[in-house]
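The lines below spell out each chain.
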Amino acid sequence: MRILIVGTGGTIASARTERGYKAKLSVDEILGLAGIEKSDGVKIDTEDILNLDSTLIQPEDWSVIAREVYNALPDYDGIVITHGTDTLAYTASALSFMVRNVDKPVLLTGSMLPVTEPGSDAPRNIRTAIRFALEGVPGVYIAFMDKIILGVRASKVHSLGLNAFQSINYPDIAYVKGNEVIYRYRPQAKAPAEPLIDTSLDPDVVHIRLTPGLGPEVLLAVSERVHGIVLEGYGAGGIPYCGRNPLKAVVKIAREKPVVMATQAVYGGVDLTRYEVGRRALEAGVIPAGDMTKEATLIKLMWALGHTDDVDKIRSIMLRNYAGEISATSGHLQERNEGDSQENKNQHREEGKPQT
């Protein structure tokens, strides 16, 4: 078995400096400090492509990581990416859309304590990622605190605690205990297809949290500078239409630019048919995010806008399931699974465009 470990920086690669922790260690240095051998029954190759605090990660960096993964797929049985935790869920979602039909396990992992510190969780998380990479289960995952989470379903829920990631509206895939892998859920297998890379993104998207008192003038001003908006609403979703009436602005914006509704609640997702405020949002042209995570919603809208500025086509992309990011029963949406579609077979191996 042959595994590639790709380094991108983050806390796991950090050491103390006069200005606080800073990413500076190579993957080889991380493995050495973690006590992980590169040839103990598994051949491990390493490559450093970035060395950034993940707070500094930009959409252009996702493209760099995606191309590294895509190019390595034919030569390895699995790929592990070490990454900072702050934007780990965003990167996992980005890779899930950019590199599709992945035929090998791709694991992203990191740590809450630098590998240079006593009691670091880095060795545990790296070993978890390597062990699951040997399972041969295709897909993009996050490995953290013995858990394997589907990449598009992960969110960071704790800023300091070691158990920092949870799977949102979706079961954990598996738990790794030493050399044992205990499965909880296996994603439905897709029809065989060649991996394809598609890194087209439009980063000019903004995420706005609805709060009492937010006026329409704010939304109108922001909309002039972006190509798409994710609104984080209350509960099952909806937009106030009394008082300051931000819905008035959304009606105007949604005619020309996509406005997607997510929720401030961690679990449950959006159902815009449940309440009058939600139905008014639907009538205004708002696109429901269903039970997608906030991270996946934002990345998916960037990815959709990277292919078209037609609001109807973007709606179709946002409501379609590409990587397990949205459920068929979520918000009364109808799932279209890309792996089951004939058009998937016709996609180009390089820079394929999403089909609607």
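None of these values were measured; they are calculated from a predicted model. (Residues numbered from 1 in each chain as written. Predicted model: local features only at pLDDT ≥ 70, side-chain atom pairs only at ≥ 80, totals over all residues. Heavy atoms only, no water.)

**Observations regarding the overall build of the protein chain**
This is how the line gets drawn: What counts as a helix is a DSSP run of H or I of at least four residues, what counts as a strand is a run of E of at least two, and both are numbered from the N terminus. All radius of gyration figures rest on C-alpha atoms, and the globule criterion is 2.2 Å times the number of residues raised to 0.38. Contacts are assigned to residue pairs that have any heavy atoms within 4.5 Å of one another. Surface accessibility follows the Shrake-Rupley procedure with a 1.4 Å probe radius. Residue values consider only the protein chains on display as shielding. Charged residues are defined narrowly, with Lys and Arg counted positive, Asp and Glu counted negative, and His plus the chain ends left uncounted. One atom stands in for each charge, and that atom is NZ of Lys, CZ of Arg, CG of Asp or CD of Glu.
Each helix and strand counted, the protein chain has ten helices and 18 strands in total. Here the protein chain has a C-alpha radius of gyration of 20 Å; the compact-globule value for 356 residues is 21 Å, and the two agree. Each of the three principal axes of the protein chain carries a C-alpha extent, and together these read 65 × 50 × 35 Å. Counting only contacts in the protein chain whose residues sit at least 6 apart along the sequence, the fraction spanning at least 24 positions is 69%. By element, 48% of the accessible surface of the protein chain is carried by carbon and sulfur atoms, the whole surface being about 15,400 Å². Looking at charge distribution, the protein chain has the averaged site of its 39 positive side-chain charges lying 5 Å from that of its 45 negative ones.

**Overview of the sheet that holds strand E18 (residues 287-288)**
Hydrogen bonds along the backbone pair up the strands of a sheet, which may run parallel or antiparallel. Quick reminder of the rule: Strands are treated as partners if at least two bridges between them are detected by DSSP.
Strand order in this open sheet of four strands is E15-E16-E17-E18, and the pairing throughout is parallel. Either end of the sheet is taken by a strand with one partner, and the two such strands are strand E15 (205-209) and E18.

**Some thoughts on the pattern of salt bridges**
This is how the line gets drawn: For this document, the term salt bridge refers to a Lys or Arg side-chain nitrogen within 4 Å of an Asp or Glu carboxyl oxygen.
Under the defined criterion, the tally for this structure stands at 13 salt bridges. Across the salt bridge formed by Asp 146 and Lys 177, the nearest N and O atoms sit 3.6 Å from each other. Placement of the pair is Asp 146 in the loop between strand E8 (139-144) and strand E9 (147-150) and Lys 177 in strand E12 (residues 174-177), with a sequence separation of 31 residues. Residues participating in the shared-partner salt-bridge network are Arg 2, Lys 43 and Asp 45.

**Concerning the packing of helix H3 (residues 88-98) against helix H8 (residues 294-305)**
Two numbers describe a pair of packed helices, the interaxial angle and the distance between the axes. Condition: Fitted lines through C-alpha atoms give the axes, limited to the stretch in contact for helices. The angle between two N-to-C directions lies from 0 to 180 degrees. Convention used here: angles under 35 degrees read as roughly parallel, angles over 145 as roughly antiparallel, angles from 65 to 115 as roughly perpendicular, and any remaining angle as oblique. Note on convention: near helix rotated counterclockwise from far helix by under a right angle means a left-handed crossing. Clockwise means right-handed.
Closest axis-to-axis distance for the H3/H8 pair is 9 Å, and the angle between their directions is 40°. One element, H3, and the other, H8, form an angle in the oblique class. The two elements H3 and H8 meet at a crossing, and its hand is right-handed. Between H3 and H8, the contacting residues are Ala 89, Tyr 90, Ser 93, Ala 94 and Phe 97 on the first element and Glu 295, Ala 296, Leu 298, Ile 299, Lys 300 and Trp 303 on the second.

**Considerations on the confidence of the model for the protein chain**
Here is the rule we go by: Values of pLDDT, ranging from 0 to 100, describe the predictor's confidence in every residue of the model.
Here the protein chain averages 92 in pLDDT, while 92% of its residues score no lower than 70. Across residues 334-351 the pLDDT falls below 50, and counting only partners more than four positions away or on other chains, this stretch makes 47 contacts in the model.

**Things to note about the pairing of strand E1 (residues 2-9)**
How we decide: Burial classification: accessible surface area is computed with a 1.4 Å probe over protein chains only, and a residue below 20% of its type maximum counts as buried, one above 50% as exposed, and the rest as partly exposed.
Across the eight residues of E1, seven count as buried, placing the element largely inside the fold. Note that E1 and strand E4 (residues 43-52) share seven bridges and pair parallel. Counted as the bridge partner of Arg 2 is Lys 43 from E4. Sheet analysis places E1 next to strand E5 (residues 78-82), joined by five bridges and oriented parallel. Bridge pairing in E5 links Gly 7 to Thr 82.

**Here we look at unusual backbone geometry**
Within the chain, Met 145 stands out as a residue other than glycine whose phi angle is a positive 50°. Examined against the element boundaries, Met 145 turns out to sit in the loop between E8 and E9. Taking the relative accessible area as the measure of exposure, Met 145 reaches 16% and is therefore buried. For Asn 169, which is not glycine, the phi dihedral falls at a positive 55°. Among the structural elements, Asn 169 can be located in the loop between strand E11 (165-167) and E12. Residue Asn 169 is classed as partly exposed on the basis of its relative accessible area of 24%.

**Topic: the environment of Gln 58**
With respect to the helices and strands, the residue Gln 58 is situated in the loop between E4 and helix H2 (59-72). In this structure Gln 58 comes out as partly exposed when scored by relative accessible area, which is 42%. Considered as a pair, Gln 58 and Thr 87 are 29 residues apart in the sequence and their alpha carbons are 9.6 Å apart.

**Focus: the side chain of Asp 291**
Heads up, the condition is: Under this definition, polar contacts are N or O atom pairs within 3.5 Å; protein pairs additionally need one hydrogen-donor-capable and one acceptor-capable atom, and for neighbouring residues in sequence, both atoms have to be side-chain atoms.
Its location among the elements puts Asp 291 in the loop between E18 and H8. Within polar-contact distance, the side chain of Asp 291 engages the side chain of Ser 327 at 2.7 Å.

**Concerning the packing of aromatic side chains**
Given two aromatic rings, their pairing is described by the distance between the two centres and the angle made by the two planes. Put simply, the rule reads: Ring pairs shown here join Phe, Tyr and Trp side chains whose ring centres sit within 6.5 Å, with only the six-membered ring taken for Trp; geometry is labelled stacked below 30 degrees between planes, edge-to-face above 60, and tilted in between. A positively charged side chain is recorded as over a ring if its NZ (Lys) or CZ (Arg) lies within 6 Å of the ring centre. The angle to the ring normal must also be within 35 degrees.
Tallied over the entire structure, the rule returns six aromatic pairs. Pairing Phe 132 with Tyr 141 gives two aromatic rings, centres 5.3 Å apart and planes at 80°, and the pair type is edge-to-face. Judged by relative accessible area, which is 0%, Tyr 141 ranks as buried. With 5.1 Å between their ring centres and 80° between their planes, Trp 303 and Tyr 322 make a pair best called edge-to-face. Of this pair, Trp 303 sits in helix H8 while Tyr 322 sits in the loop between helix H9 (311-319) and helix H10 (342-345), placing them 19 residues apart in sequence. Accessibility classification places Trp 303 together with Tyr 322 in one group, the buried group. One cation-aromatic arrangement involves Arg 186 over Tyr 183; the distance from NZ or CZ to the ring centre is 3.8 Å.

**Structural notes on the side chain of Ser 167**
By secondary structure assignment, the location of Ser 167 is in strand E11. Ser 167 sits in the buried class, given a relative accessible area of 10%. Within the structure, Ser 167 has its side chain in polar contact with the backbone oxygen of Tyr 170 (distance 2.7 Å). Aside from chain neighbours lying at most four places away, what touches Ser 167 is Ile 149, Arg 153, Asp 172 and Tyr 267.

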